[in-house]
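What follows is each chain in one-letter form.
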Amino acid sequence: MHTIEDIKQRIKSGESTARAEVEAALARAKQHEDKNIFISLTPERALERADEIDEKLKSGEIVGSLAGVPFAAKDNFLTLGGTTTAAAKLLSNFEAPLQATAIEKLEAEGAICIGKTNLDAFAHGGSTENSAYGPTKNAVDDSKVAGGSSGGSAVAVALDIVPFTLGTDTGGSIRQPASFNGAVGVKPTYGMVSRYGVVAMASSTDCIGCFAGTMDDAEQVMGVIAGQDEKDMTTLADYYTPAKVKQSAKIGLIKEFMGDGVDDEVRAQVKEYAEKLTVAGHTVEEVSMPITKYALAMYYIIVPAEISSNLARFDGVRYGQRAKDATNLDELYNKSRGEGFEAENERRIMIGSYVLSSGYFDAYYLKAQKARTLLINAYNELFETYDVLLGPVAPTPAFALGENTSDPIKMYLADAMTVPASLAGLPSISVRGGTTKAGLPIGIQLTAQQQNDSELFAIAKTMESHHG
Ligand code: GLN
């Protein structure tokens, strides 16, 4: 495995250079082309930046804490040096005029973006099968999905192409693909990382996070990208400080996530992890959160509502593709949007417009927001007693390509365990559990109270050292 620390050491000792590291990462990306991980690679800009960093290193100038470390970003982060497509036909020719704050912060520390990874178009989905560029294949089994929506970013880390990647998590899009491919996946507290320069999905739950091979690497990346940004009014003041390892945390195992509908091997892995937590000195108790059974219904009302509003800006005039044969303005809007969106994008725009319409607003949208408050209250109550909540990331390991594509409800059900923390804005991570008998990775989900991200990392790290 190429960890951030390994790469930094190699460059520092003179055994390697930033250019050599970027070239090696690009070569690994090419070697795994059949997995369809990247929408685009940006070798020119990456190598140019590598040379700049090597120059600085040679002349003894100050370089950042990630100098020469290659990474990749989900293709919904605006970056310079190529296109930002959000995996949608509508943006296939879109070249961003600026970079996302998270990218700028990483570059300021000397990290080098080598390319843009595949996703479900506009991040709508949980398998990367909604991409206009075709699905990404699972890291360990070509017949299985990569998960999503940040499928490409998860597989890039799982196959060790780069030590870390950026993703977005609106309802599980970092945690679930991390679980399906065997990487660490971090969704921080809502507002910890600036969303500026990232294609919006649902603004009240969109979170920027990362995939990495180890908790240490993930924590380092989060430390760089976190912080208040005047360009995103929802960002929190800097509060991110690595916490001390808690010797004995109180951990609640959510009962509702361990019942029927959960794969036996997944349930067994979570139980095993709970036992290891106990051996490591923590206390694990079963807790009940009945309201979680309504979380999926809340999510699939609130999120499409926000999507329908956020996607209104894609009108064929301001960004990306414009329909060629429109004869008036309405036709221009309709044709450009009709040609540019994927079916799942359109489904969500329609659901969102419906639940926001004057006749149904109270019955659906308002009701869902009220229920969301009850969900937040339920979490708050549990966090009075427990430091961390534990459960599976998804009900099953990676499913087969094509298995759920004809049944949107079945696809949505796979999000049941990740959307609750999203609706409550909680930090939630996916750590490696083990694998199924067939070798498919299974992730474990750990969730904490808002702004307790570093405590969450600390507990996960005690477990990593425990696993060896
Ligand atoms: N799978 C979920 C959905 O389709 C989550 C997506 C995401 O987090 N971007 O909405």
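Data block above holds the structure.
Residues numbered from 1 in each chain as written. Predicted model: local features only at pLDDT ≥ 70, side-chain atom pairs only at ≥ 80, totals over all residues. Heavy atoms only, no water.

Chemist: How should I be thinking about the overall build of the chain in this particular structure?
Modeler: Within the chain, the secondary structure is distributed over 15 helices and 11 strands. Relative to its length of 468 residues, the chain is compact, with a C-alpha radius of gyration of 21 Å against a globular reference of 23 Å. Principal-axis analysis of the C-alpha atoms places the extent of the chain at approximately 70 × 60 × 45 Å. By residue count, 58% of the 468 residues in the chain fall in the buried class. For the chain, the share of sequence-separated contacts (at least 6 apart) that also reach a separation of at least 24 residues comes to 76%. Within the structure as shown, the chain displays about 18200 Å² of accessible surface, and the carbon and sulfur contribution to it stands at 52%. (Helix = DSSP H or I, 4+ residues; strand = E, 2+ residues; numbered from the N terminus. Rg over C-alpha atoms; globule rule 2.2 N^0.38 Å. Buried < 20%, exposed > 50% of the residue type's maximum accessible area, 1.4 Å probe, protein only. Contact = heavy atoms within 4.5 Å. Areas by Shrake-Rupley, 256 points an atom, 1.4 Å probe, with all protein chains shown as cover.)

Chemist: In this structure, what is going on with the packing of aromatic side chains? I would like to understand it.
Modeler: Note on aromatic pairs: each is described by the distance of the centres and the angle between the planes. Enumeration over the complete set of coordinates arrives at 13 aromatic pairs. When the centroid spacing of 5.8 Å and the interplanar angle of 85° are considered together, the rings of Phe180 and Phe399 count as edge-to-face. One end of the pair, Phe180, is in helix α6 (residues 175-181); the other, Phe399, is in the loop between β9 (388-392) and α13 (408-413), and 219 residues separate them in sequence. When the ring of Tyr354 is compared with that of Tyr360, the centres are 4.4 Å apart and the planes differ by 20°; the resulting orientation is stacked. Residue class for Tyr354 comes out partly exposed when judged on its relative accessible area of 40%. We classify Tyr360 as partly exposed; its relative accessible area is 38%. Three or more aromatic residues joined by ring pairs make a cluster, and in this case those are Phe94, Phe122, Phe314, Tyr319 and Phe341. (Phe/Tyr/Trp six-rings, centres within 6.5 Å; stacked < 30°, edge-to-face > 60°.)

Chemist: Looking at this model, I keep getting lost on the site of the ligand. Mind explaining?
Modeler: Close to the ligand lie 14 residues, the nearest being Thr170, Gly171, Ser173, Tyr299 and Arg348. One of the side-chain nitrogen or oxygen atoms of Ser173 is found 2.7 Å away from an oxygen atom of the ligand. In the shell around the ligand, the residues fall into 4 nonpolar, 7 polar and 3 charged. (Near = heavy atom within 4 Å. Polar contact = N/O pair within 3.5 Å; in protein donor to acceptor, adjacent residues only side chain to side chain. Nonpolar A, V, L, I, M, F, W, Y, C, P; charged D, E, K, R; others polar.)

Chemist: Help me understand the packing of helix α4 (residues 101-108) against helix α7 (residues 215-225), please; the structure alone is not making it clear to me.
Modeler: When two helices pack together, you describe them by how their axes are tilted relative to each other and by the distance separating the axes. The contact between α4 and α7 brings their axes to 8 Å, and the two run at 110°. Judged by the angle between their axes, α4 and α7 are roughly perpendicular. Where α4 approaches α7, its residues Ala102, Lys105 and Leu106 are matched on the opposing element by Val221, Val224 and Ile225. Taken together, the residues of the contact of α4 with α7 break down into 5 nonpolar, no polar and 1 charged. (Axes fitted to C-alpha atoms, helices over the stretch in contact; angles between N-to-C directions. Parallel < 35°, antiparallel > 145°, perpendicular 65-115°, else oblique.)

Chemist: What is the right way to look at the sheet that holds strand β2 (residues 70-74) in this model?
Modeler: Hydrogen bonds between backbone groups are what pair the strands of a sheet, and the pairing can be parallel or antiparallel. Spatially, the 11 strands line up as an open sheet ordered β1-β3-β2-β4-β6-β5-β10-β11-β9-β7-β8, and their pairing is mixed. Looking at which strands have only one partner, the edges of the open sheet turn out to be β1 (38-41) and β8 (283-287). Pairs of neighbouring strands in the sheet enclose a mean axial angle of 30°, with direction left out of account. Here β1 pairs with strand β3 (residues 112-117) via 3 bridges, running antiparallel. Bridge assignment links Phe38 to a residue of β3, and that residue is Thr117. (Pairing = 2+ DSSP bridges.)

Chemist: Just checking my understanding: could you explain the pattern of salt bridges for this structure?
Modeler: Two side chains bearing opposite charge may form a pair once their charged atoms approach each other closely. In the structure shown here, the tally under the stated rule is 24 salt bridges. Two residues, Lys437 and Glu265, come together in a salt bridge whose shortest N-O distance is 3.8 Å. Of this pair, Lys437 sits in the loop between β10 (428-435) and β11 (441-448) while Glu265 sits in helix α8 (residues 264-279), placing them 172 residues apart in sequence. By sharing partners, the salt bridges in this structure join Arg19, Glu23 and Asp51 into a single network. (Salt bridge = Lys/Arg side-chain N within 4 Å of Asp/Glu carboxyl O.)

Chemist: Help me understand the side chain of His282, please; the structure alone is not making it clear to me.
Modeler: Relative to the helices and strands, His282 resides in the loop between α8 and β8. Polar contacts involving the side chain of His282 include one to the side chain of Thr462, which spans 3.4 Å.

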